[in-house]
Amino acid sequence: MPKAYWIVRVSVRDEKNYPEYLAAANLAFKKFGTKFIVRGGAFEKMEGEARQRNVVVEFKDRSTAAACYASPEYQSARIIRQKYADADFIIIDGTAD
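Draft legend 1. Layout of the packing of aromatic side chains. This structure, assessed with the given rule, holds twelve aromatic pairs. Ring plane angle 70° and centroid distance 5.8 Å describe the contact between Trp 6 and Phe 29, whose orientation is recorded as edge-to-face. A residue pair is termed long-range when its members are at least 10 positions apart, and Trp 6 in strand β1 (residues 4-12) and Phe 29 in helix α1 (residues 18-31) qualify at 23 residues. An angle of 85° between the planes, with centres 5.1 Å apart, marks the rings of Phe 29 and Phe 36 as edge-to-face. A relative accessible area of 26% places Phe 36 in the partly exposed class. Through successive ring pairs, a cluster of aromatic residues spans Trp 6, Tyr 18, Tyr 21, Phe 29, Phe 36, Phe 59, Tyr 69, Tyr 74 and Phe 89. The aromatic ring of Phe 36 is capped on one face by Arg 39, whose charged end is 3.9 Å from the ring centroid.

Structure follows, in structure tokens:
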């Protein structure tokens, strides 16, 4: 079964309070054994639209990625994130090799 990833592009509207989301989301990340592949590093936009921050989070499989997103821990964090930032968010399967 291939790994799965959250790919999230974020534009933070309130830098001062955004860490509240990160602290809350960390509960879900620990519970579901996430691995951050990309977490807000420097980037160069080559085409299309971009947001300030880009995040790629690895999960052991799609069901775990979806369960993390649907978890009470992440849904509580999501409400906080939506107060301070706008995001594009997908779950995608990795390759099966």
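Draft legend 2. Local environment of the sheet that holds strand β3 (residues 53-59). Within the open sheet, the four strands sit side by side as β2-β3-β1-β4. Their pairing is antiparallel. On the outer flanks of this sheet lie β2 (35-39) and β4 (85-93), each paired with one strand and no other. Going from strand to strand, the sheet's axes swing by 15° on average, the running direction of each strand aside. As judged from the seven bridges shared by β1 and β3, these two strands associate in the antiparallel manner. Among the inter-strand pairings, Tyr 5 is bridged to a residue of β3, identified as Glu 58.

Draft legend 3. Expanded view of the nonpolar core. One finds Trp 6, Tyr 18, Tyr 21, Phe 59 and Tyr 74 to be the most contacted residues of the largest nonpolar core, which totals 22 residues. Contributing elements (two or more residues each) for this core: β1, α1, β3, α2 (62-70) and α3 (72-84). It is α1 that provides the largest number of residues to this core, a total of six residues. If we ignore the near neighbours within four places in the chain, the residues touching Tyr 18 are Val 10, Val 12, Arg 53, Arg 81, Tyr 84 and Ala 85.

Draft legend 4. Looking closely at the layout of surface pockets. Taken as a whole, the largest pocket holds about 210 Å³ of empty space. Lining the largest pocket are 16 residues, and of these Tyr 18, Tyr 21, Leu 22, Arg 39 and Val 55 sit closest to its centre. Breaking the lining of the largest pocket down by element, the ones donating at least two residues are β1, α1, β2, β3 and α3. Residues that form the lining of the largest pocket fall into these classes: twelve nonpolar, one polar and three charged.

Here is what the cut-offs are and how they apply
Residues numbered from 1 in each chain as written. Predicted model: local features only at pLDDT ≥ 70, side-chain atom pairs only at ≥ 80, totals over all residues. Heavy atoms only, no water. Phe/Tyr/Trp six-rings, centres within 6.5 Å; stacked < 30°, edge-to-face > 60°. Helix = DSSP H or I, 4+ residues; strand = E, 2+ residues; numbered from the N terminus. Buried < 20%, exposed > 50% of the residue type's maximum accessible area, 1.4 Å probe, protein only. Lys NZ or Arg CZ within 6 Å of the ring centre and 35° of its normal. Pairing = 2+ DSSP bridges. Axes fitted to C-alpha atoms, helices over the stretch in contact; angles between N-to-C directions. Core = buried A, V, L, I, M, F, W, Y, C linked by side-chain atoms within 4.5 Å. Contact = heavy atoms within 4.5 Å. 1 Å grid on protein atoms, 1.4 Å probe; cavity = no way out; pocket = protein on both sides within 12 Å on 5 of 7 lines; lining within 4 Å. Points joined across faces, edges and corners; volume = space filled by probe spheres on them. Nonpolar A, V, L, I, M, F, W, Y, C, P; charged D, E, K, R; others polar.

Any functional reading would require information beyond the geometric quantities listed.
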